[in-house]
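# Observations on the three-dimensional arrangement
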Amino acid sequence: MTTEILHAKLKENFGFEKFRPNQEEIINCILSGKDTLAIMPTGGGKSICFQLPALVLPGITIIISPLIALMKDQVDSLKANGIAACFINSSQSSEEQQMHIQNLVDQKVKLVYVAPESLSYLENAFSQITISLIAIDEAHCISAWGHDFRPAYTNLGYLKNRFPSTPILALTATADKATRTDISEQLNLVEPKIFVASFDRKNLSLEVRPALDRVKQIIDFIKDKPNECGIVYCLSRKTTEELSEKLQKTGINAKAYHAGLDSRLRSKTQDEFINDECQVVCATIAFGMGIDKSNVRWVIHYNLPKNIEGYYQEIGRAGRDGLPSETVLFESYGDMIQLQKFASEGLNAEVQLAKLERMKQYADALSCRRKILLSYFGELVTENCGNCDICKNPPAFFDGTIIAQKALSAIMRLQETEALPVIVDFLRGSKNASIYDKGYQNLKTYSVGADISWYDWNQYLIQLINLGYCEIAFHQQNKIKLTPFAKKVLFEGEKVQLTTVQKVSKDKPTIKER
Ligand code: ADP
Ligand code: ZN
């Protein structure tokens, strides 16, 4: 379809003048009948990617969404634009569901939103309707590797078998590279075209602070900006309640929000926050999915998040209007211990522990934090951001080019098949079984770094990961892989700035917690 026609449809049906990045490309991909995986940050404009094709395609578009609470809003806003849409989920009576299904059969509706667990209601109608597109929203919920696994999603792989010639569009705001592959495999997508919109949110400042006296720090932070609202994310329900009480005692208009509270109370708090009647919400991660409030000016993490995906999604709720917004993460040793315990007891313990470790490395990092976040999502950036605490207050750097060359070439010689400890052993010329069993002592680069301590090598490698030259493959036993940036150092003479290794346990106050 020509770009003029698509623009005309966008204007006519949704009132927008132009497409946001990737929207038009994704739409064209779907219209050409291909399976598509679209990764866009929250607020990036995912809905248009299936709503516009739905209007153009001859049959019905099914949208699978886990967010029952949001379906009504989405359908209402489509209807307000004159687009025939409905939703089917367990909140409806069976008469209501039957009526909607009849409307589908009678071709009175172009889009239908369905919760994954309600798909079976449509089974009988499937033979009587033409399905032109299947959109799967929040597609990361299918992956146990992601951070929000939902069992109801696991069955969705059957859709491709059931409708082999119908394109599937999988959408998510949060998926690292391995999760993307998993989504595509589990949904049985056929050679999907993958679109990744930039995740960079330049208007969000990034800061990590030691958790010393964090309640006082938070109170001071909020009192400093009495007219700006924000969210404090806490790990436990209990903390949300205790913290909101402490804030209230100092005169701050704060409320607690977690999944254990009465649903009426929850929607009341949510409404008050959206309408600027409540300044601060102290919440678990249950708060936020689907909350469309553009002027959240700050997000604080009272506790260390479980992984970078979750963290990035949560801070992404700030500053959706594009105006400068602040984010602060409190790091504490106690949190780390507790999170390690949770992760090791949960599903996919090994992967979750590795992701938690990566989160901690981010918090401890001495290089531009935005670079770390973006490279985590596969975006390589050369420039430091200037809007994180490290950029604003940089540590002392030295020329670490030789160290970087040695480390990256070691990873290359080991053919990207080893995790961090073996790489360090290899660099240091260790004579242990992990080296000798594989004959690594005969490779070039073996023992070129014997002059640097084990601890220091470990830290330098983490810095190289943080700088985006190499990465951890979480789903392949944490093997260290090179990124396309490594080649610049290995073959093109790029200089690398490293920082002197700090003995974390001595210098960092993060170990102590109050
Ligand atoms: P997501 O699902 O990716 O979080 P939405 O689809 O809800 O994002 O879109 C976020 C906001 O951006 C909505 O208010 C939507 O109306 C708006 N939007 C989407 N596409 C465009 C566009 N091309 N031009 C202007 N606004 C847009
Ligand atoms: Zn920075």
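How each quantity is defined
- Residues numbered from 1 in each chain as written.
- Chains lettered and ligands numbered in written order.
- Predicted model: local features only at pLDDT ≥ 70, side-chain atom pairs only at ≥ 80, totals over all residues.
- UniProt positions renumbered as here; feature names shortened; annotations may be inferred.
- Near = placed C-beta within 6 Å.
- Nonpolar A, V, L, I, M, F, W, Y, C, P; charged D, E, K, R; others polar.
- Axes fitted to C-alpha atoms, helices over the stretch in contact; angles between N-to-C directions.
- Helix = DSSP H or I, 4+ residues; strand = E, 2+ residues; numbered from the N terminus.
- Parallel < 35°, antiparallel > 145°, perpendicular 65-115°, else oblique.
- Left-handed = near helix turned anticlockwise from the far one by under 90°.
- Contact = placed C-beta atoms within 7 Å.
- Buried ≥ 20, exposed ≤ 12 C-beta atoms within 10 Å, placed from the backbone.
- Pairing = 2+ DSSP bridges.

Where an unreviewed UniProt entry is consulted, the protein chain appears under the name DNA helicase RecQ, with the organism given as Flavobacterium cellulosilyticum. According to the UniProt record, the Sequence similarities (unreviewed entry) comment for the protein chain is "Belongs to the helicase family. RecQ subfamily." According to UniProt, the comment filed for the protein chain under the heading Catalytic activity (unreviewed entry) is "Couples ATP hydrolysis with the unwinding of duplex DNA by translocating in the 3'-5' direction."

### Section: the site of ligand 1
Taken together, Phe 16, Phe 19, Arg 20, Gln 23, Met 40, Thr 42, Gly 43, Gly 44, Gly 45, Lys 46, Ser 47 and Ile 48 make up all the residues around ligand 1. Considering only residue class, the shell around ligand 1 consists of four nonpolar, six polar and two charged.

### A look at the packing of helix 12 (residues 333-345) against helix 13 (residues 349-364)
At a minimum axis distance of 8 Å, the contact between helix 12 and helix 13 shows a crossing angle of 160 degrees. Classified by the angle their axes make, helix 12 and helix 13 are roughly antiparallel. Helix 13 is crossed by helix 12, and the crossing has right-handed handedness. On helix 13, the residues touching Met 336, Leu 339, Gln 340, Ala 343 and Ser 344 of helix 12 are Ala 349, Gln 352, Leu 353, Leu 356 and Lys 360.

### Describing the environment of Asn 161
Structurally, Asn 161 can be placed in helix 6 (residues 158-162). Judged by local crowding, Asn 161 falls into the exposed class, with 8 C-beta atoms found within 10 Å.

### Concerning the sheet that holds strand 3 (residues 85-88)
The seven strands are arranged 3-4-2-5-6-1-7 in an open sheet whose pairing can be described as parallel. The sheet is open, and its two borders are formed by strand 3 and strand 7 (193-196), each paired with just one other strand. The average undirected angle you get between the axes of adjacent strands in this sheet is 15 degrees. Note that strand 5 (residues 131-136) and strand 6 (residues 168-172) share three bridges and pair parallel. Counterpart to Ile 136 in the pairing with strand 6 is Ala 170. Helix 7 (residues 177-186) contacts strand 1 (36-39), strand 6 and strand 7 of the sheet and is inclined by roughly 150 degrees relative to strand 1.

### Re the sheet that holds strand 8 (residues 204-210)
The strand order across the open sheet built from six strands is 8-13-12-9-11-10, with neighbouring strands paired in parallel fashion. Since the sheet does not close on itself, it has two edges, and those belong to strand 8 and strand 10 (254-257), each with one partner. For this sheet, the mean angle separating the axes of adjacent strands, direction not counted, is 15 degrees. As defined by bridge partners, strand 9 (residues 230-233) adjoins strand 11 (residues 280-283) across four bridges and the pair is classed as parallel. Within strand 11, the residue paired with Ile 231 across the bridge is Val 281.

### A few points about the pairing of strand 1
Where a strand is regular, its side chains alternate between the two sheet faces. Where burial is concerned, the two faces of strand 1 agree: the one with Thr 36 and Ala 38 and the one with Leu 37 and Ile 39 are both buried. In terms of strand pairing, strand 1 meets strand 6 through four bridges, oriented parallel. Residue pairing for strand 6: Leu 37 is matched across the bridge by Ala 170. Pairing analysis gives four bridges linking strand 1 to strand 7, with the strands arranged parallel. Paired with Thr 36 across the strands is Lys 193, a residue of strand 7.

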